[in-house]
Amino acid sequence: MTSSKYSDEDIIYMQQAIDLARKGLYSTKPNPAVGCVLVKNGQVIGQGWHQQAGQPHAERLALAQAGINAEGATAYVTLEPCSHFGRTPPCADGLIEAKVAKVVVAMQDPNPLVASQGIERIEQAGIPVVLGVLESEARQINLGFIRKMEKQLPFVRLKIASSLDGRTAMANGESHWITGEESRLEVHKMRARCGALITGIGTVLADDPSLTVRLTDQQLSDMNLTQENCHPIRVVLDPNLSMPLNAKMLSLPGRTILMTSRETAERSPEIVEEIHAQGVEMVAVSAEDDHLDIESILHYLAEEEQINDVMVESGAIVAGAFMQSGLVNELHCFIAPSLMGNEAKPMFVLPGLDSMDKKLNLTIQSMDRFGDDARLILVPKD
């Protein structure tokens, strides 16, 4: 029988496991970030964190470090040990074979291939399991993985950089730079964490952006990444296939996917053929008029590309469409202490909000500072 009773000692060691799991925030995708600590006689005898998909899981690394001393130890794991064969063998079996005395788990795995089966297998071997220690903290590490497993959708973070009066570019399109160097560094770290980066064709035509992760080798090493594997998939919403085939991003490291409408793809076979001939990936999704269906886009990324986390960096039209879709999980507003005037471009285009009862309400989740800029992280209000 799984227990929910735990001690202060359990909290201390689970916090250590959570701290280990955070080391994999950037590099484990599409797998979840997991940490494990093995404790025996009040001493940590083994620890590990999952570093990259296909490599040993946290439990296996901790068990390897502990060796034969793992027998009789307590295992603290941030996510239910897996019970199925993937690219690595089941971690539940590893804990059983090592003859640990107890397993303390922060949260049940939302993956239907596991979904309590790992816990059941451990208990059937006669090893008691404690579930729910620091569960809310453990969930925060893997918001994208959880959402993908539960909703078949990625976790969506929409990033906006604006002036104090809510403007994102001058009327002539000039926008370099609204926010400071510290904010821009944080944005590159956000890019490195996500599996896909979404923008609109308007942004591509206006700015010809790179949409790559631009960090130093040392910064990437600290994230367990390299210059080769740090870039998210660039997703361009292009309902009419207006993408210039000499766009900068198409020649840069990483993949680019053009998302267009099924109708456009069917009526423009010559353009489609030219795009494919250039080696550019294209996906056709549902659309209404020139508006691609955002939910279809996100389902594709979660199910076909196994994307846990998506970041949206776009102009006001796409940003507004995402906000009105109700599918944004977090809004990250980087606000510079400057004023750009009423003729400058707004943060969002939000048609139909013509009365107070239609306004979109948000809750401030956190506030922090990067140089002279402030960042607000907001979530939709229930």
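Residues numbered from 1 in each chain as written. Predicted model: local features only at pLDDT ≥ 70, side-chain atom pairs only at ≥ 80, totals over all residues. Heavy atoms only, no water.

Within an unreviewed UniProt entry, the label attached to the protein reads Riboflavin biosynthesis protein RibD, and the organism entered is Thiomicrorhabdus lithotrophica.

A. Seen up close, the nonpolar core. Counting 43 residues, the largest nonpolar core has Met14 and Val103 as its most contacted members. The leading source of residues in this core is helix H1 (residues 8-22), at six residues. Not counting the four nearest positions on each side in its chain, valine 103 is found in contact with Ala75, Leu95, Ile122, Ile127, Pro128, Val129 and Val130. Core analysis: the second largest hydrophobic core is formed by 32 residues, Val156, Leu301, Phe322 and Met347 among them. (Core = buried A, V, L, I, M, F, W, Y, C linked by side-chain atoms within 4.5 Å. Buried < 20%, exposed > 50% of the residue type's maximum accessible area, 1.4 Å probe, protein only. Helix = DSSP H or I, 4+ residues; strand = E, 2+ residues; numbered from the N terminus. Contact = heavy atoms within 4.5 Å.)

B. Region of interest: the environment of glycine 24. On the secondary structure map, glycine 24 appears in the loop between H1 and strand E1 (35-40). Along the primary structure glycine 24 and proline 269 are separated by 245 residues, whereas in three dimensions their C-alpha atoms are 43 Å apart. In this view, glycine 24 contacts Ala33, Trp49 and His50; residues no more than four positions away in its chain are not counted.

C. Looking closely at helix H4 (residues 117-124). Those residues of H4 that fall on the buried side of the exposure criterion are Gly118, Ile119 and Ile122. The arc that holds every buried residue of H4, seen down its axis, measures 100 degrees, which confines them to one face. Tucked inside the fold, the buried residues of H4 contact helix H3 (91-97), strand E4 (102-105) and strand E5 (129-131). Glycine 126 lies just past H4 and shows a positive phi near 85 degrees. (Arc of directions from axis to C-beta.)

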